[in-house]
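Residue-level structural notes
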Amino acid sequence: MMFETIENWALHAFADGELQGEEKAKIEALLATDAEARRLLEVIRQQKAALHKTFDGVLNEDVPQALLRSARHAPLARSWRGWAVAASVAAMLVGGVAGWTLRDFAGTSAVAEALPQRALDAFTVYGGEQRHPVEVNADEKDHLQKWLSKRIGVAFTVPDLSAQGYALIGGRLLPQGASPAGLLMYEDASKKRLVVYVAANAAQKDAPFKVEQHGPLVTCSWVEPSMIYAMAGPQSEAEMLPLAQAAHQGFDQKG
Amino acid sequence: MVHQDFASELVKEIPRLRRFARGLVSDAALADDLVQDCVERALVKQHLYDTARPLRAWLFAILRNIHVSQWRRNQHFGVMADVDGLEADEPAVAPAQEQNLSVTLITDALDLLPQPQREVLILISLEEMSYKEAAEIMGVPIGTVMSRLSRARSNLQDLLEKRGTTVLRVVK
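First, a word on scope: everything that follows refers to the structure included in this document. (Residues numbered from 1 in each chain as written. Chains lettered and ligands numbered in written order. Predicted model: local features only at pLDDT ≥ 70, side-chain atom pairs only at ≥ 80, totals over all residues. Heavy atoms only, no water.)

Some details on the overall build of chain B
Applied cut-off: Going along the chain from the N terminus, every DSSP run of H or I of four or more residues is numbered as a helix, and every run of E of two or more is numbered as a strand. Buried means the residue's accessible area, taken with a 1.4 Å probe over protein chains only, is under 20% of the maximum for its type, while exposed means over 50%, and partly exposed covers the values in between. Throughout, a residue-residue contact means that at least one pair of heavy atoms, one from each residue, lies within 4.5 Å. Residue burial considers only the protein chains on display, and all accessible areas are found by Shrake-Rupley using a 1.4 Å probe.
Secondary structure assignment for chain B yields 8 helices and 0 strands. In sequence order, the secondary structure elements of chain B are arranged as α-α-α-α-α-α-α-α. A buried classification covers 52% of the 172 residues belonging to chain B. Looking at chain B alone, contacts between residues at least 24 apart form 70% of all its contacts between residues at least 6 apart. Of the roughly 8000 Å² that chain B leaves accessible, carbon and sulfur atoms contribute 53%.

Here you go:
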């Protein structure tokens, strides 16, 4: 099989309708004289026909009702399932998550909508900072915890993500409008960073766990009656979910 | 809020999303789960959709990203098919019809292709995406699309020919 040579790329491009004008004419001329080229083209066409034969039946099947319902429902009501998938990953790791998962999400506030962006902004501004990524270093963790808890007005524990391979660098205070918010920063052995944004929840309403891709960054956010949480970093979703679960569990140790 | 136009355009794309998903994963139920996750994510992210670009390619990219992250996770947990094992206890399937390109043979051969080759083949040979669209969907340069594609076609052909002769030997 001679498919892997540079010359044959043009033949693939021809078969896939990528060639125009002179380039196309060149291949047509080659095909007129070269039996091997004709054979390769035939193989490509047979493969295409075989793939269509194998998979085209799906196009004529009735679309499952569950899929149609997903597409027609409003995202927040509908996001239940996608969110539940994420949460089920979480639930495998931690018991007692039901209170977190089985809430009524109808009243999701604007806070929840804006939350991923806050974490993204924090990551963008501080995530690449070399000399001053944080105000208070990890070696003063107890102070950091007390200080941020006091400023935010909600007592919380700084989560330990070391089991997930992330060490605390430290944290800082952030303004969120005229209110204080806290930022915790973590880093893994390859210097990949992760920020965790926390603030008090003025709305006193909770919202579903949400995972979103924003270009190269992923955010995870969730809202509890007392506090709002959002994480952001260059991790994949698969990496982020266990981190979010560990953070959720860590914060929960408060009080 | 779901923008109604967006939702109805999305519904129209579902059959194509289902075929694409079926090409990526052979199990029909898993493929539909992938479509469902894709639809859900598309609705959540609809504000990020650039209406100047084709909706189908945008949806394909979402579906593909979900698939790749699930695939990586499965690979991590060792759920990947054991290629050597598959070769060893090859079932004596019915003799191949039509130049070894029966549905079963194609499905089996696709399962043996490395994931990046399988996806490029499905995107271009089945879904008839342009090289440029495929490059955007997979997040790689066009040159990578072309080299993966030629390797994928070459490997697929080798697998089909090998499988075909094996089957013939068994039948004899």
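A look at the layout of surface pockets
Worth spelling out the cut-off: Here a cavity denotes grid points, spaced 1 Å and computed from the protein atoms alone, that fit a 1.4 Å probe unable to get out, and a pocket denotes an open set having protein on both sides within 12 Å along at least 5 of 7 lines; residues with an atom within 4 Å of a point are the lining. Grid points are joined across faces, edges and corners, and a volume is the space filled by probe spheres set on the points. When residue character is reported, Ala, Val, Leu, Ile, Met, Phe, Trp, Tyr, Cys and Pro are called nonpolar, Asp, Glu, Lys and Arg charged, and the others, Gly included, polar.
Approximately 730 Å³ is the volume attributed to the second largest pocket. If you list the elements that add at least two residues to the lining of the second largest pocket, you get β5 (207-214) of chain A together with α3 (55-76), α6 (115-126) and α7 (131-138) of chain B. For the lining of the second largest pocket, the residue count by class is 12 nonpolar, 9 polar and 9 charged.

Re the sheet that holds strand β7 (residues 227-233) of chain A
Two pairing modes exist for strands in a sheet, parallel and antiparallel, and in both the strands are linked by backbone hydrogen bonds. Residue and element names in this part refer to chain A. Rules: Two strands pair if DSSP finds at least two bridges between them.
Taken in spatial order, the 7 strands make up an open sheet running β1-β2-β3-β4-β7-β6-β5, and their pairing is antiparallel. Two strands bound the open sheet, and with one partner strand each, they are β1 (136-137) and β5. Across 6 bridges, strand β4 (residues 193-200) lies against β7 in antiparallel orientation. Residue pairing in the sheet places Ala-199 in a bridge with Ile-228 of β7.

Topic: the interface of chain B and chain A
Formally: For any pair of parts, buried area is found by adding up, for both, the accessible area (1.4 Å probe) each one loses once the two are put together. A side-chain nitrogen of Lys or Arg and a carboxyl oxygen of Asp or Glu constitute a salt bridge if their distance falls within 4 Å. Two N or O atoms count as a polar contact when they lie within 3.5 Å, although within protein this holds only if one can serve as hydrogen donor and the other as acceptor, and sequence-adjacent residues are included solely when both atoms are side-chain atoms.
At the junction of the two partners, chain B supplies 55 residues and chain A supplies 44 residues. Carbon and sulfur atoms make up 62% of the area that chain B and chain A hide from each other, which totals about 4500 Å². For the salt bridge of Glu61(A) with Arg22(B), the shortest nitrogen-to-oxygen distance reads 3.4 Å. Here chain B and chain A share 15 residue pairs in polar contact (both at pLDDT 80 or more) between them. Broken down by element, the residue count for the side of chain B that touches chain A peaks at 12 residues, all from helix α8 (residues 142-171) of chain B. Each residue belonging to the side of chain B that touches chain A can be placed in one class, and the counts come to 24 nonpolar, 14 polar and 17 charged.

So, the packing of helix α3 (residues 35-55) of chain A against helix α5 (residues 103-112) of chain B
The condition that has to hold: Interaxial angles span 0 to 180 degrees and are taken between N-to-C directions of axes, which are lines fitted to C-alpha atoms, for helices over the stretch in contact. By definition in this entry, angles of less than 35 degrees are roughly parallel, angles greater than 145 are roughly antiparallel, angles of 65 to 115 are roughly perpendicular, and the rest are oblique.
Interaxial distance between α3(A) and α5(B) falls to 9 Å at its minimum, and their mutual angle equals 100 degrees. Relative to α5(B), α3(A) is oriented roughly perpendicular. Only Val103(B), Ile106(B), Thr107(B) and Leu110(B) of α5(B) make contact with α3(A), whose side of the interface consists of Ala50(A), Leu51(A), Lys53(A), Thr54(A) and Phe55(A). Of the residues in the contact of α3(A) with α5(B), the class split is 6 nonpolar, 2 polar and 1 charged.

A closer look at the packing of helix α5 (residues 65-72) of chain A against helix α2 (residues 28-44) of chain B
Taken N-terminus to C-terminus, the directions of α5(A) and α2(B) make an angle of 10 degrees; their axes are 9 Å apart at the nearest point. One element, α5(A), and the other, α2(B), form an angle in the roughly parallel class. Contacts between α5(A) and α2(B) pair Ala66(A), Leu67(A), Ser70(A) and Ala71(A) from the former with Asp32(B), Val35(B), Gln36(B), Val39(B), Glu40(B) and Leu43(B) from the latter. A per-class count over the contact of α5(A) with α2(B) returns 6 nonpolar, 2 polar and 2 charged.

A few points about α3(A)
As a reminder of what qualifies: A helix is expected to reach a length of 1.5 Å times the quantity of its residues less one.
Along its 21 residues, α3(A) runs 30 Å from first to last C-alpha, staying within 8% of the 30 Å computed at 1.5 Å per residue. For α3(A), the capping residue at the N-terminal end is Asp34(A), with a side-chain oxygen 2.9 Å from the backbone nitrogen of Glu36(A).

Re the environment of Ser162(A)
Residue and element names in this part refer to chain A. Position of Ser-162 among the secondary structure elements: in the loop between α9 (141-152) and β2 (166-176). Residue classification places Ser-162 among the partly exposed residues on the basis of a relative accessible area of 47%. Separated by 25 residues in the primary sequence, Ser-162 and Glu-187 have C-alpha atoms spaced 9.6 Å apart. Within the local environment of Ser-162, its side chain forms a polar contact with the side chain of Asp-160, the two groups lying 2.7 Å apart.

With respect to the packing of aromatic side chains
Test applied: Aromatic pairs are defined between Phe, Tyr and Trp rings, using the six-membered ring for Trp, whenever the two ring centres lie within 6.5 Å; interplanar angles under 30 degrees are classed as stacked, those over 60 as edge-to-face, and all others as tilted.
Following the criterion strictly, the structure yields 7 aromatic pairs over all chains and no others. When the centroid spacing of 4.7 Å and the interplanar angle of 50 degrees are considered together, the rings of Tyr229(A) and Phe251(A) count as tilted. Of this pair, Tyr229(A) sits in strand β7 while Phe251(A) sits in helix α10 (residues 237-251), placing them 22 residues apart in sequence. Across the pair, exposure class does not vary: Tyr229(A) and Phe251(A) are buried alike. Note on Phe20(B) and Phe60(B): the rings are 4.3 Å apart at their centroids and 5 degrees apart in plane angle, and the pair reads as stacked. Within this pair, whereas Phe20(B) is found in helix α1 (residues 4-24), its partner Phe60(B) is found in helix α3, the two being separated by 40 residues in sequence. There is no split in this pair, since Phe20(B) and Phe60(B) are both buried. Following the ring pairs from residue to residue traces out a cluster consisting of Phe156(A), Trp222(A), Tyr229(A) and Phe251(A).

Quick notes on the nonpolar core
Note the threshold: Residues belong to a common nonpolar core when they are buried Ala, Val, Leu, Ile, Met, Phe, Trp, Tyr or Cys residues joined through side-chain atoms within 4.5 Å.
Counting residues in hydrophobic clusters, the biggest one holds 70 residues, and the most contacted among them are Leu63(B) and Val145(B). Counting residues per element, this core draws most heavily on α3(B), at 9 residues. For Leu63(B), the contacting residues outside a window of four places in its chain are Leu17(B), Phe20(B), Ala21(B), Leu24(B), Leu34(B), Val35(B) and Cys38(B). Residues Leu144(A), Phe209(A), Trp222(A) and Leu241(A) belong to the second largest nonpolar core, which totals 30 residues.

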